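Architecture and fold: a report
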Amino acid sequence: MSVSTRRAPQAGEPSAGPIPPALLPVAPVEPGSDPEARLGLRFPDGFSWGAATSAYQVEGAAAVDGRGPSVWDTFARTTGRTANGDTGDIAADHYARYAEDLGLIQDLGLRSYRFSISWPRVQPDGRGAINQRGLDFYRRLVDGLLERGISPMATLFHWDTPQTLQDGGGWASRDTAYRFADYASAVFDALGESVPVWLTVNEPKTVVQNGYIIGHHAPGIRDEPVAYLVAHHLALAHGLGVQALRATGSASRIGGALNLHPCYAADDNPLTLDAVRLYDGYENRLYLDPMFKGHYPQDVLDHQGPASPLLQGIKDGDLEIISQPTDILAVQYYTPIYVTTDGGTVQKHPTTEAAWQQVYPPGMYDILTRVTRDYAPASLTVTENGLPCPDEIGVDGSVDDAARVSFLRDHLAEAHRAIGDGVPLESYHVWSLMDNFEWEAGYDQRWGLIYVDYPTQRRIFKRSANWYRSVISDNSL
Ligand code: FCB
């Protein structure tokens, strides 16, 4: 199976190392069109508007207050792995500046803020002793949100596996799923019900594809059979995390966070449909089916074969743990995939600065309605959607990211259409609240509503932030 993930290398691109500049021009804003023109689409009362970040991408403070190293510290510090050798050592310095950032979140009018908890900050070795100073940081952050009437949404794992666990086998080892459950329990004990919505594992597919097949994410491994065993252990971790929350008797809600890609046929050859089906198996059903149906998709298992580490790794009772009921499914939508007869992919829409991303807003509608139809989640949230723009500070000190305004508006219009057609979507989060460390692309890509001037750490609301604030206050597009 050739994987063409959200960050898959394009033809001629080396399969590891920094990604090249966009291959196609950034999606243009049509000349003369006003990206802020109102569409008159009102969202349901109580719809929760948000933005998202993750720990390694914004916090910095890599060696402060007892934080242990993660696989991303190791990976980013390895020569040639990230653009310009960038690391998350300082990032947006959010660990030190969280109070200022809380003020910005409030100014923006967000109702929900999605962040992640750094496992090695809370449990530096990934097992054993808990680092109270790490937990205290998240306590301050959560309390600061609650005081401002903003709902915290916390992800337990956004890719920063403690390095010590990686040294013992990482996610290829079943034990890591149980270590995750212990860590999750410690976090639940400390933050209790102050966090109304918990997310377990962020985008397991990206860890599988980018971390273990293509190798251009931490831990930088290229071993496709093992990658699918990693998928199983991440699914198990999800299930064990859900169990751990239930064991505390908490009334908080919990679910997984999946990046889903609608897969379409690139041509009208009838044979292409088989290729699309298998592609969809690897992109979507491999993660959705075990969570919601208690089994892996048969076509993917057949394709993997009976001796595959995935099949060998499934133990009695695992799928019951993985498929126990959740309260919410978090969907992250960035791009569609067009599959060719031979199982390859082509691009059909303009891309952004991220060469893997095609701009196709109806994909938002398609993926939301599809998961609702096929999996009937109790509730849905969009936890990531956005694009990188070549944002620059203008002479007047402002940042005019018109392309982001039209991107968000068009995707939100599709989310609105999905709600109208019965999708139980309760909230939406822009990726990202602010510019940050974009993994292998380092600081070259700016995904934020808020501009971060890294040398001074000054924050500036971009045009999109001001626009989003008015959308939130009107509850309508
Ligand atoms: C998602 C990741 C997030 C960020 C965006 C652009 O896949 O979850 O951390 O990198 O892509």
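One can find the structure itself at the top, above this paragraph.
For the structure given in this document, a descriptive report is provided here. All of these numbers come straight from a predicted model, not from anything done at the bench.

Some details on the pairing of strand β10 (residues 380-384)
Side-chain direction in a regular strand flips from residue to residue, so the side chains alternate between the two faces of the sheet. With five of its five residues buried, β10 lies for the most part within the structure. Sheet topology places β10 next to strand β11 (residues 425-431); three bridges connect them, and they run parallel. By the bridge assignment, leucine 380 is partnered in β11 with leucine 425. The parallel pair β10 and β11, bridged by helix α15 (residues 402-420), forms a crossover whose chirality is right-handed.

Concerning the pattern of salt bridges
Side chains bearing opposite charge may pair, as long as their charged atoms lie close to each other. Throughout the structure, instances matching the rule amount to 32 salt bridges. With a closest N to O distance of 2.9 Å, arginine 285 and aspartate 280 form a salt bridge. The pair formed by arginine 285 and aspartate 280 is uniform in burial state, with each residue classed as buried. The salt bridge partner of arginine 404 is aspartate 401, with a shortest N-O separation of 2.8 Å. You can call arginine 404 buried: its relative accessible area is 1%. Judged by its relative accessible area of 1%, aspartate 401 is buried. Three or more residues are tied together by salt bridges with common partners; here these are Asp280, Arg285, Asp299, Arg370, Arg373 and Asp374.

Some words on the packing of aromatic side chains
Under the definition given, this model contains 34 aromatic pairs. Seen from their ring centres, phenylalanine 43 and tryptophan 49 are 4.8 Å apart, and the 65 degrees between their planes marks the pair as edge-to-face. Residues phenylalanine 43 and tryptophan 49 agree in their burial class; the two are buried. Measuring from ring centre to ring centre gives 4.9 Å for phenylalanine 137 and tyrosine 138, while their planes differ by 75 degrees; the resulting arrangement is edge-to-face. Counting every residue linked through ring pairs, the aromatic cluster contains Tyr56, Trp72, Phe75, Trp159, Phe437, Trp439, Tyr443 and Tyr454. Directly above the ring of tyrosine 375 sits lysine 293, whose terminal nitrogen or CZ lies 4.9 Å from the centroid. The ring of tyrosine 365 has arginine 417 sitting right over it, with the charged end atom 3.7 Å from the ring centre.

Comments concerning unusual backbone geometry
Look at the link from alanine 218 to proline 219: it is a cis peptide, with omega at 5 degrees. Along the polypeptide, proline 219 turns up in the loop between α8 (204-212) and α9 (224-247). A cis geometry characterises the amide bond from tryptophan 431 onward to serine 432, with omega recorded as 15 degrees. Despite not being glycine, alanine 61 shows a phi value in the positive range, around 50 degrees. Tracing the sequence through the fold places alanine 61 in the loop between α1 (55-58) and α2 (71-76).

Describing the pairing of strand β5 (residues 253-259)
Burial within β5 is extensive, with six of its seven residues counted as buried. With four bridges joining them, strand β4 (residues 197-202) and β5 adopt parallel strand pairing. Within β5, the residue paired with asparagine 202 across the bridge is alanine 257. Across three bridges, the pairing between β5 and strand β7 (residues 329-332) is parallel. Bridge assignment links alanine 257 to a residue of β7, and that residue is alanine 330.

A few points about the packing of α15 against helix α16 (residues 463-474)
Direction vectors running N to C along α15 and α16 enclose 35 degrees, while the axes themselves pass 8 Å from each other. The crossing of α15 and α16 is right-handed. Residues Ala402, Arg404, Val405, Leu408, Arg409 and Leu412 of α15 lie in contact with α16, whose contacting residues are Arg463, Ser464, Trp467 and Tyr468. Per-class residue counts for the contact of α15 with α16 are six nonpolar, one polar and three charged.

As for α16
The end-to-end C-alpha distance of α16 is 17 Å, a good match for the 16 Å that twelve residues give at a rise of 1.5 Å each. For α16, the full list of buried residues reads Ser464, Ala465, Trp467, Tyr468, Val471 and Ile472. All buried residues of α16 lie within an arc of 160 degrees about the axis, which places them on one face of the element. Phi turns positive one or two residues past the end of α16, at asparagine 475, with a value near 50 degrees.

What about the sheet that holds strand β8 (residues 337-339)?
What the three strands build is an open sheet, ordered β6-β8-β9; its pairing is mixed. Looking at the sheet topology across the chains shown, the edges are occupied by β6 (263-265) and β9 (345-346). By the bridge criterion, two bridges tie β8 to β9 in an arrangement that is antiparallel. Considered in β9, the bridge of tyrosine 338 is made with valine 346. The strands touched by helix α10 (residues 272-293) within the sheet are β6, β8 and β9, with β6 carrying the most contacts at an inclination of about 170 degrees.

Some words on the sheet that holds strand β2 (residues 112-116)
The strand order β1-β2-β3-β4-β5-β7-β10-β11 describes a closed barrel built from eight strands, whose pairing is parallel. Here the strands of the sheet are splayed against their neighbours by 25 degrees on average, with no regard to which way each runs. Alignment of strand β1 (residues 48-52) against β11, held across five bridges, turns out to be parallel. If you follow tryptophan 49 over to β11, its bridge partner there is tyrosine 428. Against the sheet, helix α14 (residues 362-375) touches β7, β10 and β11, its axis set at about 140 degrees to β10. Lying on the sheet, α15 is in contact with β1 and β11; it crosses β11 at an angle near 165 degrees.

Considering the packing of α8 against α10
The geometry of α8 relative to α10 is characterised by a closest axis approach of 10 Å and an angle of 135 degrees between their N-to-C directions. When the interaxial angle is binned, α8 and α10 end up oblique. For α8 against α10, the interelement crossing comes out right-handed. Between α8 and α10, the residues in contact are Pro204, Lys205, Val208 and Gln209 and Tyr282, Glu283, Asn284 and Tyr287, respectively. Of the residues that constitute the contact of α8 with α10, the class distribution is four nonpolar, two polar and two charged.

Scoring rules and cut-offs
Residues numbered from 1 in each chain as written. Predicted model: local features only at pLDDT ≥ 70, side-chain atom pairs only at ≥ 80, totals over all residues. Heavy atoms only, no water. Buried < 20%, exposed > 50% of the residue type's maximum accessible area, 1.4 Å probe, protein only. Helix = DSSP H or I, 4+ residues; strand = E, 2+ residues; numbered from the N terminus. Pairing = 2+ DSSP bridges. Right-handed = clockwise from strand over helix to strand, strands pointing away. Salt bridge = Lys/Arg side-chain N within 4 Å of Asp/Glu carboxyl O. Phe/Tyr/Trp six-rings, centres within 6.5 Å; stacked < 30°, edge-to-face > 60°. Lys NZ or Arg CZ within 6 Å of the ring centre and 35° of its normal. Axes fitted to C-alpha atoms, helices over the stretch in contact; angles between N-to-C directions. Left-handed = near helix turned anticlockwise from the far one by under 90°. Contact = heavy atoms within 4.5 Å. Nonpolar A, V, L, I, M, F, W, Y, C, P; charged D, E, K, R; others polar. Expected span 1.5 Å × (residues − 1). Arc of directions from axis to C-beta. Parallel < 35°, antiparallel > 145°, perpendicular 65-115°, else oblique.

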